[in-house]
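Letter by letter, the chains look like this.
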Amino acid sequence: MTELQFTLNGSPRRVADQPAHRMTLDWLRAQGLRATKEGCAEGDCGACTVLLDRGQTRADGTPDWRAVCACILPLAQLDGCRVVTTEGLSDGQGQPHPAQTAMAEQFATQCGYCSPGFVMSLAAIATRPERDDDSLMDALAGNLCRCTGYRPILDAARSLPVTQPRPNDPALDAGQQDRRTTRLDYTAPDGGRFVAPTTLDELAALRAALPDAWLWAGGTDLGLKVTKDGAHPPTILSLDRLDALHEVRSTDDGGLVVGAAAPYADMLDRLAALAPDLASYFRRLGGAQIRNIGTVGGNLGTASPIGDSLPALIALDAGVELIGPRGRRRVAAADFVTGYRQTVMAADDLIAAIRVPPPTPGSRFAGYKIAKRVDQDISGVSGCFRIAVADDGTVAELRAAFGGVAPRPLRATGTEAFLTGKPWTRETARAARSAVLEDISPISDARGTADYRKAVAANLVERLWHDTAGQGVTRLEAL
Ligand SMILES: Cc1cc2nc3c(=O)[nH]c(=O)nc-3n(C[C@H](O)[C@H](O)[C@H](O)COP(=O)(O)OP(=O)(O)OC[C@H]3O[C@@H](n4cnc5c(N)ncnc54)[C@H](O)[C@@H]3O)c2cc1C
Ligand code: FES
Ligand code: FES
């Protein structure tokens, strides 16, 4: 197949002349659709936000429209989807979308760079009947405004009626659904390929035949290699159509299985059911546009020392399920990353799923992300804990993990050993400082000095005490 097919603002489009790594934003602007702006070209500012319908429906049967960043979304990934840009929001008869009206009426329209992106995020919010201020702020956190005009934008969000961005076209929509269940193999005129297999066997065969291909999940990490480093992958192997990697389900024993290619947004409700603090922790990973498309599999695949998933998964004693030519195997999350940007995976291994066991009796999860901003920022230090306190007030169980304080996210076994069995008091939490410092070996970089990181990591144990045994700490509330 050498053609991509999707609908853009309600019109069918066929594209055959674009490189396989062409980003949606560049193509849109070349089409003259210039309301979608380029602010950063790295998923950070939201100026390029568009709405994407991948043919999934929500519980109420409405299409699952999602805000995504066009700057790091390959055009080929639109195949079989519906896309709406700011230009496509009005009803075609001169009436603006309620999001556009709300922005004007609440005096929320400011610079022409950010406003279209805000409008698109509002249009995504408008499809959701269930909203509160927290979810509205979550939905807007991926849109940066440098002139600090968030309050009227939040007012605009509060005033939105429930609205779909486009009417459905049953004939067209059915055609798209069919398309998305078949393998996509797009070959660009320059020979670059974008292949989206539908079975794991197909994927394995493609990987064996194309060892230089890039394995592409959400592309929120890899996309930057294209837009920032100018890299041109010979072939992109997309995990987007592999249902086997998208499953998110609770297990009979109260645990959780998350397919490696399921976007974060698909797992937040289940995480909240497992532990409310777990969902809050993951809600601070990127902005909504990133969580709508980025995946845990991709986060582990980067093996970043400041990746947010692994500290939580280590604290939860999760397992990482791998598939490779030698079969399936499971490794403990704590053992997955072996060194700086290194993992236990062989070159032809695939992360299939993450398995989170049920919470141990009486235990509680707490996850802390310390960054320069509350929203849409990479961690300087993160600390995640699973703690159970016995009736006599001693620490019955502790699993502790830190990110940003060593070449890899690590399990703090010394801290665990120090605290287990001791009375869970502020004094013991403070005394754990030396054990924490033995466990970690931070460096200084743009996000903080080594001394700062040491202080923060040790303080997080004390904060854990405040949150589990003390009065809690005052949390920084946005807006
Ligand atoms: C604006 C912005 C904000 C961000 N904020 C955060 C943040 O707060 N915290 C954080 O931790 N990260 C953050 N990130 C980084 C990124 O979003 C995450 O690491 C994300 O989880 C990557 O997932 P992905 O599906 O997009 O990965 P991709 O970019 O598709 O892939 C990343 C790597 O993993 C490999 N890979 C993907 N899936 C698999 C698989 N199933 N098996 C084996 N290898 C695989 C790929 O080949 C690639 O090497 C941010 C990124 C952006 C652009
Ligand atoms: S241009 Fe900034 S997020 Fe895409
Ligand atoms: S709206 Fe663009 S900087 Fe605030």
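A brief structural summary. (Residues numbered from 1 in each chain as written. Chains lettered and ligands numbered in written order. Predicted model: local features only at pLDDT ≥ 70, side-chain atom pairs only at ≥ 80, totals over all residues. Heavy atoms only, no water.)

1. A few points about the sheet that holds strand β20 (residues 410-411)
Sheet strands associate in pairs through backbone hydrogen bonding, adopting either a parallel or an antiparallel arrangement. Applied cut-off: Following DSSP output, two strands are said to pair if at least two bridges run between them. Only runs of H or I of at least four residues qualify as helices and only runs of E of at least two qualify as strands under DSSP, and these elements are numbered from the N terminus. Here, residues are in contact when the closest pair of their heavy atoms is within 4.5 Å. Here the axes come from fitting lines to C-alpha atoms, over the contacting stretch only for helices, and the angles between their N-to-C directions go from 0 to 180 degrees.
The strand order across the open sheet formed by 4 strands is β17-β18-β19-β20, and the pairing between neighbours is antiparallel. Each having just a single partner strand, β17 (363-370) and β20 make up the two edges of the open sheet. Where β17 and strand β18 (residues 381-389) come together, 8 bridges link them in antiparallel fashion. Counted as the bridge partner of Ala 366 is Phe 385 from β18. Running at roughly 15° to β17, helix α10 (residues 276-283) makes contact with β17 and β18 of the sheet.

2. What about unusual backbone geometry?
Short version of the rule: Classification of residues uses two cut-offs on accessible area relative to the type maximum, computed with a 1.4 Å probe and protein chains only: under 20% is buried, over 50% is exposed, and between them is partly exposed.
A positive phi angle, near 60°, is found at Ala 41, a position not held by glycine. As for its placement among the helices and strands, Ala 41 is situated in the loop between α1 (24-30) and β3 (49-53). The backbone of Arg 341 sits at a positive phi, close to 55°, despite the residue not being glycine. Residue position: Arg 341 is located in the loop between β14 (337-339) and β15 (342-343). Taking the relative accessible area as the measure of exposure, Arg 341 reaches 43% and is therefore partly exposed.

3. Some details on helix α3 (residues 115-125)
Summarising burial for α3: 11 of the 11 residues are buried, a large majority. Within the span of α3, buried status applies to Ser 115, Pro 116, Gly 117, Phe 118, Val 119, Met 120, Ser 121, Leu 122, Ala 123, Ala 124 and Ile 125.

4. Here's the deal with the pattern of salt bridges
The condition that has to hold: The rule for a salt bridge is simple: a side-chain nitrogen of Lys or Arg has to be within 4 Å of a carboxyl oxygen of Asp or Glu.
Summed over all chains, the structure comprises 32 salt bridges. In this structure, Asp 467 and Arg 463 form a salt bridge, with 3.9 Å as the shortest nitrogen-oxygen distance. Residue Asp 467 and its partner Arg 463 are located together in helix α18 (residues 450-468), separated by 4 residues, close to a single helical turn. Salt bridges sharing common partners tie together Asp 64, Arg 66, Arg 128 and Asp 266.

5. Observations regarding the nonpolar core
Worth spelling out the cut-off: What is meant by a nonpolar core is a set of buried Ala, Val, Leu, Ile, Met, Phe, Trp, Tyr and Cys residues, joined one to another through side-chain atoms within 4.5 Å.
In this structure, Leu 278, Phe 282, Leu 300, Leu 313, Val 320 and Ile 354 are the most contacted members of the largest nonpolar core, which totals 39 residues. Elements with a contribution of two residues or more to this core: β11 (256-259), α9 (268-274), α10, α12 (296-302), α13 (309-315), β12 (319-324), α14 (333-336) and β16 (350-356). For this core, the leading source of residues is α13, giving 5 residues. Not counting residues within four places of it along the chain, the set of residues in contact with Leu 300 comprises Ser 309, Leu 310, Leu 313, Val 320, Phe 336, Thr 343, Ile 351 and Ile 354.

6. Considerations on the sheet that holds strand β1 (residues 4-8)
Taken together, the 5 strands give an open sheet; going across it, the order is β2-β1-β5-β3-β4, and neighbouring strands pair in mixed fashion. The open sheet has two free edges, formed respectively by β2 (11-15) and β4 (66-69), since each of these has just one partner strand. Averaged over all adjacent pairs, the angle separating strand axes in this sheet is 35°, with direction ignored. Sheet topology note: the β3/strand β5 (residues 82-84) ladder contains 3 bridges and is antiparallel. Counterpart to Leu 52 in the pairing with β5 is Val 83. Along the sheet face, α3 touches β3, β4 and β5 and points at about 30° away from the line of β3.

7. Observations concerning the state of the cysteines
Stated precisely, the cut-off is as follows: The disulfide criterion used throughout: a pair of cysteine sulfur atoms within 2.5 Å.
Overall, the coordinates contain 0 disulfides when judged by the stated rule. Cys 81 takes part in no disulfide bond, and the closest cysteine sulfur to it belongs to Cys 69, at a distance of 16 Å.

8. Structural notes on the packing of aromatic side chains
The criterion, for reference: Each Phe, Tyr or Trp ring (for Trp, its six-membered ring) is paired with any other whose centre lies within 6.5 Å, and the angle between the two planes then decides the class: stacked below 30 degrees, edge-to-face above 60, tilted in between. For a Lys NZ or an Arg CZ to count as sitting over a ring, it must be within 6 Å of the ring centre and within 35 degrees of the ring normal.
Across all of its chains, the model carries 8 aromatic pairs by this definition. The interplanar angle of 75° and the centroid separation of 5.5 Å between the aromatic rings of Phe 6 and Trp 27 together place this pair among those described as edge-to-face. With a gap of 21 residues between them, Phe 6 in strand β1 and Trp 27 in helix α1 connect regions that are remote in the sequence. Accessibility assignment for this pair places Phe 6 and Trp 27 in one class, buried. Relative to Phe 282, the ring of Tyr 264 lies with its centre 6.1 Å away and its plane at 35°, an arrangement referred to as tilted. Taken together, the positions of Tyr 264 in the loop between β11 and α9 and Phe 282 in helix α10 put the pair 18 residues apart, joining distant regions of the chain. What makes Tyr 264 buried here is its relative accessible area of 3%. Counting every residue linked through ring pairs, the aromatic cluster contains Tyr 264, Tyr 281, Phe 282 and Phe 365. The ring of Phe 418 carries Lys 422 above its face, with NZ or CZ at 4.1 Å from the centroid.

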